[in-house]
Amino acid sequence: METNQNPAQGQPAQLIAPATTQPEPQPVPSSEQLSDSPLLYDPVKAARIAEYLRELLDPAFIILFGSQVGGTPHSETMCYDLLVIVESPSLYNWYDAKRYVRMKMPNIGHHTPYVNIYILTKHDVEVNYTPFIYLSRSEGTLLYRSHGQKFKRPRKTFDFGLAAAVAEKYAGTFLPLADQLLLQAEIMTDSMHIRQSAFAMAQATVHYFRTLFYVYHGFEADTSDIEILQHRMRTLSGELPLLFESDGCNSLHTLYCLKSFLVKARYASDFFIHAQELEQHLDRVKRLAEVVKKLCQRRIKLYLERIEE
């Protein structure tokens, strides 16, 4: 696999987290709670993940953030939340990077079932001064920096009041729209309106997921694909995987069906689904709405609490 080598890339990776000793956490500005929090990640495993991401993406920096390093929680489930900062847009996206790490480390699931990767360019980081970027850069542990790069923590304080207001406005705009679509889907499950019900339900799901993404990150999701959005955010809550992912006893196809509804309910002349099956999907989307609203409220509350710190 070509990795677009450059002179700096040819040098050994400068892994900040040593492979044999527990790294000291980076200083966290003005937060006693963070300094008292234990580090939960395995430094050996984190260093290996950083090395494989270096091979694939040739980044400037790799930062481990969130509760694993005693920072502001991002993922609710046990997860390596990683911000990878690159010089220019990469040939590979976050999903490619996850697949590459899993291929290199097939046992990554042992004690840490998820790796959550965000790939942003330096320009993205500079122009999008969002709570997600601020918290990951100010609180995270630097796992890797490329040769000659100087990593700097944000110098200015962050306006969490503004972040809360923006997140609240976004949620206040799109959650009611999603609720309205979901209500429309619920009252049209009869055979005469089954197509409209399926399409409205799928649209509502997209709005719920995209709203959750924005509230947590401060910028728009780069996709409206329902399956990708679910995969992207399933670590934010332990409940999200339970809603849509199959287990050893039951095979769930709701995500696939919802995704297909967006196209087939509009364009396929032979589209049909039994009302009973549609109601099963509807029940899961209703529970998604409850989870998303709870998570959004929790995140906005966190922003408001930070104003007083």
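Definitions and cut-offs
Residues numbered from 1 in each chain as written. Predicted model: local features only at pLDDT ≥ 70, side-chain atom pairs only at ≥ 80, totals over all residues. Heavy atoms only, no water. Salt bridge = Lys/Arg side-chain N within 4 Å of Asp/Glu carboxyl O. Helix = DSSP H or I, 4+ residues; strand = E, 2+ residues; numbered from the N terminus. Buried < 20%, exposed > 50% of the residue type's maximum accessible area, 1.4 Å probe, protein only. Axes fitted to C-alpha atoms, helices over the stretch in contact; angles between N-to-C directions. Parallel < 35°, antiparallel > 145°, perpendicular 65-115°, else oblique. Left-handed = near helix turned anticlockwise from the far one by under 90°. Contact = heavy atoms within 4.5 Å. Nonpolar A, V, L, I, M, F, W, Y, C, P; charged D, E, K, R; others polar. Core = buried A, V, L, I, M, F, W, Y, C linked by side-chain atoms within 4.5 Å. Phe/Tyr/Trp six-rings, centres within 6.5 Å; stacked < 30°, edge-to-face > 60°.

Q: I would appreciate a short explanation of the pattern of salt bridges in the present structure.
A: Side-chain pairs of opposite charge can arise whenever the charged atoms involved come near each other. Inspection of every chain in the model, using the stated rule, returns 13 salt bridges. Taking the shortest distance from any N to any O, the salt bridge between Lys259 and Asp225 comes out at 2.8 Å. On the criterion of sequence distance, the pair formed by Lys259 in helix H10 (residues 254-267) and Asp225 in the loop between helix H7 (194-217) and helix H8 (226-233) is long-range, its members being 34 residues apart. Its relative accessible area of 33% is what places Lys259 among the partly exposed residues. Its salt-bridge partner being Lys294, residue Glu239 comes within 2.4 Å of it at the nearest N-O pair. Of this pair, Glu239 sits in helix H9 (residues 239-244) while Lys294 sits in helix H11 (residues 275-307), placing them 55 residues apart in sequence. Taking relative accessible area as the criterion, Glu239 reaches 33% and is therefore assigned partly exposed.

Q: Any chance you could explain the packing of helix H6 (residues 160-186) against H11 here in plain terms?
A: Packed helices, taken two at a time, are described by the angle between their axes plus the distance between the axes. Relative to each other, H6 and H11 sit at 170°, their axes nearing to 10 Å. Classified by the interaxial angle, the pair formed by H6 and H11 is roughly antiparallel. In terms of crossing hand, the pair formed by H6 and H11 is left-handed. When H6 is examined against H11, the residues Phe160, Gly161, Ala163, Ala164, Ala167, Glu168, Leu175, Asp179, Leu182, Ala185 and Glu186 are found in contact with a partner set consisting of Leu282, Val285, Lys286, Ala289, Val292, Lys293, Ile300, Tyr303, Leu304, Arg306 and Ile307. Of the residues contributing to the contact of H6 with H11, the split by class is 15 nonpolar, one polar and six charged.

Q: What's the story with the packing of H7 against H8 in this structure? I'm lost.
A: The geometry of H7 relative to H8 is characterised by a closest axis approach of 10 Å and an angle of 35° between their N-to-C directions. Seen along the crossing, H7 lies across H8 with a hand that is left-handed. Facing Ala202, Thr205, Val206, Phe209, Arg210, Leu212 and Phe213 of H7, the residues of H8 in contact are Ile226, Leu229, Gln230, Arg232 and Met233. Tallied by class, residues from the contact of H7 with H8 come to eight nonpolar, two polar and two charged.

Q: Even after reading the chapter, I still don't get the environment of Asn93, so can you show me in this structure?
A: Relative to the elements of secondary structure, Asn93 occurs in the loop between strand E3 (79-86) and helix H3 (94-104). Taking C-alpha positions, Asn93 is 9.1 Å from Ile117, a pair spaced 24 residues apart along the chain.

Q: I'm lost on the side chain of Thr211 in this one. Help?
A: With respect to the helices and strands, the residue Thr211 is situated in helix H7. Given the relative accessible area of 1%, Thr211 is considered buried. Sequence-distant contacts of Thr211, that is, excluding residues within four places in its chain, are made with Tyr170, Ala171, Phe174, Leu175 and Cys296.

Q: Is there a simple way to explain the nonpolar core in this structure?
A: In terms of nonpolar packing, the biggest core is built from 69 residues, with Tyr208, Leu212 and Phe261 touching the most fellow members. Not counting residues within four places of it along the chain, the set of residues in contact with Tyr208 comprises Leu175, Ala178, Asp179, Leu182, Val285, Leu288, Ala289 and Val292. Counting 23 residues, the second-largest nonpolar core is a separate cluster that includes Ile49, Ile62, Val101 and Val115.

Q: Where do I start with the environment of Cys296 in this structure?
A: Position of Cys296 among the secondary structure elements: in helix H11. On the basis of relative accessible area, Cys296 is assigned to the buried category, the value being 2%. Considered as a pair, Cys296 and Leu212 are 84 residues apart in the sequence and their alpha carbons are 6.2 Å apart. Dropping the residues within four chain positions of it, Cys296 is found in contact with Thr211, Leu212 and Val215.

Q: What is the right way to look at the packing of aromatic side chains in this model?
A: Remark: the centre distance and the inter-plane angle together describe each pair of aromatic rings, the angle taken between the planes. Throughout the structure, instances matching the rule amount to 17 aromatic pairs. When the ring of Tyr118 is compared with that of Phe132, the centres are 4.7 Å apart and the planes differ by 55°; the resulting orientation is tilted. Taken as a pair, Tyr118 in strand E4 (residues 114-121) and Phe132 in helix H5 (residues 131-139) lie far apart in primary sequence, 14 residues in all. Of the two residues examined, Tyr118 and Phe132, each falls in the buried class. Consider the rings of Phe209 and Phe244, whose centres lie 6.3 Å apart with planes at 55°: the pair is tilted. Taken together, the residues span a long stretch of sequence, with Phe209 in helix H7 and Phe244 in helix H9 at a distance of 35 residues. With relative accessibility at 0%, the residue Phe209 sits in the buried group. Of the residues examined, Phe244 reaches a relative accessible area of 3% and is grouped as buried. One aromatic cluster in this structure is built from Phe65, Tyr118, Phe132, Phe213 and Phe219.

Limitation: the analysis is restricted to geometry and does not speak to function.
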